[in-house]
Amino acid sequence: MSTLLISACPGRSACTAVHTYLFVDGLDMVSRTDSRMAGLDPNWLLRPGGPLYPTDMLCAVDVAAQEQPEPGPDRLGIQVRLRGATVIWSGLAYPGLDGGVIEEARFHLTQYLGEIERAYVALADRVRPDRFHRN
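Residues numbered from 1 in each chain as written. Predicted model: local features only at pLDDT ≥ 70, side-chain atom pairs only at ≥ 80, totals over all residues. Heavy atoms only, no water.

Draft legend 1. Structural detail: the sheet that holds strand 2 (residues 20-24). The strand order across the open sheet built from three strands is 1-2-3, with neighbouring strands paired in antiparallel fashion. The outermost strands of the open sheet, each flanked by one partner alone, are strand 1 (4-8) and strand 3 (27-28). Where strand 2 lies against strand 3, two bridges are found, and the strand directions are antiparallel. In the sheet register, Val24 faces strand 3, and the bridge partner there is Leu27. (Pairing = 2+ DSSP bridges. Helix = DSSP H or I, 4+ residues; strand = E, 2+ residues; numbered from the N terminus.)

Here it is as C-alpha cells:
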C-alpha cells in the first residue's frame, strides 16, 4: 500500500496562486508527471465530498493544470475509485525512484481520508488563523 501526503503552497508570498502538492510514497506526483504542471486549488480538491473523495464508481479527476512556461489549457488527470477499504488511483504515469513507471497507487481508506481531512483543516487554519482564538 502507498502513503499519501498532501500539502499546499502558501500562495501570494511564494507564487501567484495557492496550489496542492500530492506526495505518493514521498514523491511529488504532479511535478514528476509533468514539470509544467501545478496542483489545482486545495479548496476545490480537498473540500469535504470533493473530487478526491473516493466512491465505488470510477471518477476522472483533474488534479493539476499547466503553469509553465505560462498558464495553459493542459490538465493532469487521474482516476479515483474505492474498492472495499482501498482507494485506487489509476491513470498515473510518473517515474519512481527505481526509474520504473508508476501507473497505479493504492491507499488504505483510513490513511487516505485522514490525510485529506488533515490537509483541509491545515489549509482552513492557515486561511483563518484566528478561528480558534477568543478576544
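There's plenty left to go through after this.
Draft legend 2. Main features of the sheet that holds strand 6 (residues 75-83). Ordered in space as 4-5-6-7-8, the five strands form an open sheet in which the pairing is antiparallel. For this open sheet the edge positions go to strand 4 (37-39) and strand 8 (101-108), each flanked by a neighbour on one side alone. Direction aside, neighbouring strands of the sheet carry axes that sit 35° apart on average. Looking at chain direction, strand 5 (residues 59-66) and strand 6 are connected through six bridges and run antiparallel. Looking at the pairing, Ala64 lines up with Leu76 of strand 6. (Axes fitted to C-alpha atoms, helices over the stretch in contact; angles between N-to-C directions.)

Draft legend 3. Representation of the pattern of salt bridges in the model. Applying the stated criterion to the full structure yields four salt bridges. Where Arg36 meets Asp34, a salt bridge forms, and the shortest distance between an N and an O atom there is 2.8 Å. As a salt-bridge pair, Glu104 and Arg106 come within 2.9 Å of each other at their nearest N and O atoms. On the basis of relative accessibility, which here comes to 36%, the residue Glu104 falls in the partly exposed class. With relative accessibility at 36%, the residue Arg106 sits in the partly exposed group. (Salt bridge = Lys/Arg side-chain N within 4 Å of Asp/Glu carboxyl O. Buried < 20%, exposed > 50% of the residue type's maximum accessible area, 1.4 Å probe, protein only.)

Draft legend 4. Here's a closer look at the environment of Gln68. Locating Gln68 in the fold gives a position in the loop between strand 5 and strand 6. Since its relative accessible area comes to 46%, Gln68 is described here as partly exposed. For the pair Gln68 and Ser35, spaced 33 residues apart in sequence, the C-alpha separation works out to 7.8 Å. Excluding anything up to four places from it in sequence, Gln68 contacts Ser35 and Arg36. (Contact = heavy atoms within 4.5 Å.)

Draft legend 5. Here's a closer look at the packing of aromatic side chains. Inspection of the entire model under this criterion finds four aromatic pairs. Taking 5.1 Å as the distance between ring centres and 70° as the angle between the ring planes, the aromatic pair formed by Trp89 and Phe107 counts as edge-to-face. Remark: Phe107 occurs in strand 8 and Trp89 occurs in strand 7 (residues 86-95); sequence separation between them is 18 residues. As far as burial versus exposure is concerned, Trp89 and Phe107 are alike and both buried. Every member of this aromatic cluster is reached through a ring pair, and the members are Trp89, Phe107 and Tyr112. (Phe/Tyr/Trp six-rings, centres within 6.5 Å; stacked < 30°, edge-to-face > 60°.)

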